[in-house]
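Each chain, written out:
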Amino acid sequence: MAENKLAEMSTDFAVKIFNLTDGIKGHYSLANQLERSGTSIGANIREAKYAHSKADFVAKLQISLKECYETEYWIEIAQKANIISDEIAKSVSHDCGTIRRMLIASINTAKENAK
């Protein structure tokens, strides 16, 4: 159940990232990095569903977690450079933080269950 919710949230988040970057003009590299990290979160969550082992499952979720942190970095840069508004940054960061916390909980649970 949690993985389905996580997959759904990460898909919605990817769409939100695409809508956000669509409005970023003149900053191709930032928009590209934000799209790549923001959409990679969900891609790796989906890959984890078909992991070959518990260790592979955890590894895919850890990659998603790292992509969350990277996405938060690019959002912070865009906000500080006044490329996106504080309001948009806060909303997207909140969503990313929610996914990050769920990933951490899922990783911890999977590691405990592997013992």
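Residues numbered from 1 in each chain as written. Predicted model: local features only at pLDDT ≥ 70, side-chain atom pairs only at ≥ 80, totals over all residues. Heavy atoms only, no water.

This next bit is on the packing of aromatic side chains. Within the structure shown, the criterion is met by one aromatic pair. Taking 5.0 Å as the distance between ring centres and 70 degrees as the angle between the ring planes, the aromatic pair formed by Tyr 73 and Trp 74 counts as edge-to-face. Residue Tyr 73 is classed as partly exposed on the basis of its relative accessible area, which comes to 44%. Lys 54 extends its terminal NZ or CZ atom over the ring of Phe 57, reaching a point 5.8 Å from the ring centre. (Phe/Tyr/Trp six-rings, centres within 6.5 Å; stacked < 30°, edge-to-face > 60°. Buried < 20%, exposed > 50% of the residue type's maximum accessible area, 1.4 Å probe, protein only. Lys NZ or Arg CZ within 6 Å of the ring centre and 35° of its normal.)

If you check the backbone angles, Asn 82 has positive phi at about 60 degrees while not being a glycine. By the secondary structure assignment, Asn 82 is in the loop between α3 (54–80) and α4 (86–114). By relative accessible area, which is 68% here, Asn 82 ends up exposed. (Helix = DSSP H or I, 4+ residues; strand = E, 2+ residues; numbered from the N terminus.)

Turning next to helix α2 (residues 28–49). Taking 1.5 Å as the rise per residue, α2 with 22 residues should run 32 Å; its terminal C-alpha atoms sit 32 Å apart, in good agreement. Every buried residue of α2 is accounted for by Leu 30, Ala 31, Leu 34, Ser 37, Gly 38, Ser 40, Ile 41, Gly 42, Asn 44, Ile 45 and Ala 48. (Expected span 1.5 Å × (residues − 1).)

The biggest cluster of nonpolar side chains holds 28 residues, and the ones touching the most others in it are Phe 13, Ile 41, Ile 45, Leu 61, Ile 84, Ile 99 and Leu 103. Among the elements of the structure, α1 (2–22), α2, α3 and α4 are those that each provide at least two residues to this core. Per-element accounting of this core gives the leading share, eight residues, to α3. With near-sequence residues (within four places) excluded, Leu 103 lies in contact with Leu 6, Ile 41, Ile 45, Leu 61, Ser 64, Leu 65 and Cys 68. (Core = buried A, V, L, I, M, F, W, Y, C linked by side-chain atoms within 4.5 Å. Contact = heavy atoms within 4.5 Å.)

For the rest of this paragraph, the subject is the packing of α2 against α3. Remark: α2 packs on α3, axes separated minimally by 8 Å, with the N-to-C direction vectors making an angle of 160 degrees. On the basis of the axis angle, α2 is roughly antiparallel to α3. Crossing hand, α2 versus α3: left-handed. The residue inventory of the contact of α2 with α3, partitioned by class, reads 13 nonpolar, seven polar and five charged. (Axes fitted to C-alpha atoms, helices over the stretch in contact; angles between N-to-C directions. Parallel < 35°, antiparallel > 145°, perpendicular 65-115°, else oblique. Left-handed = near helix turned anticlockwise from the far one by under 90°. Nonpolar A, V, L, I, M, F, W, Y, C, P; charged D, E, K, R; others polar.)

Another point: the confidence of the model for the protein. Of all residues in the protein, 97% attain a pLDDT of 70 or more, and the chain-wide mean is 94. The weakest mean pLDDT in the protein belongs to α1 at 92; the strongest belongs to α3 at 97. (pLDDT = per-residue confidence, 0-100.)

Here the focus is the environment of Ala 7. In this fold, Ala 7 is placed in helix α1. Using a relative accessible area of 11% as the deciding quantity, one classes Ala 7 as buried. Measuring from C-alpha to C-alpha, the distance between Ala 7 and Thr 71 comes to 17 Å, with 64 residues separating the pair along the chain.

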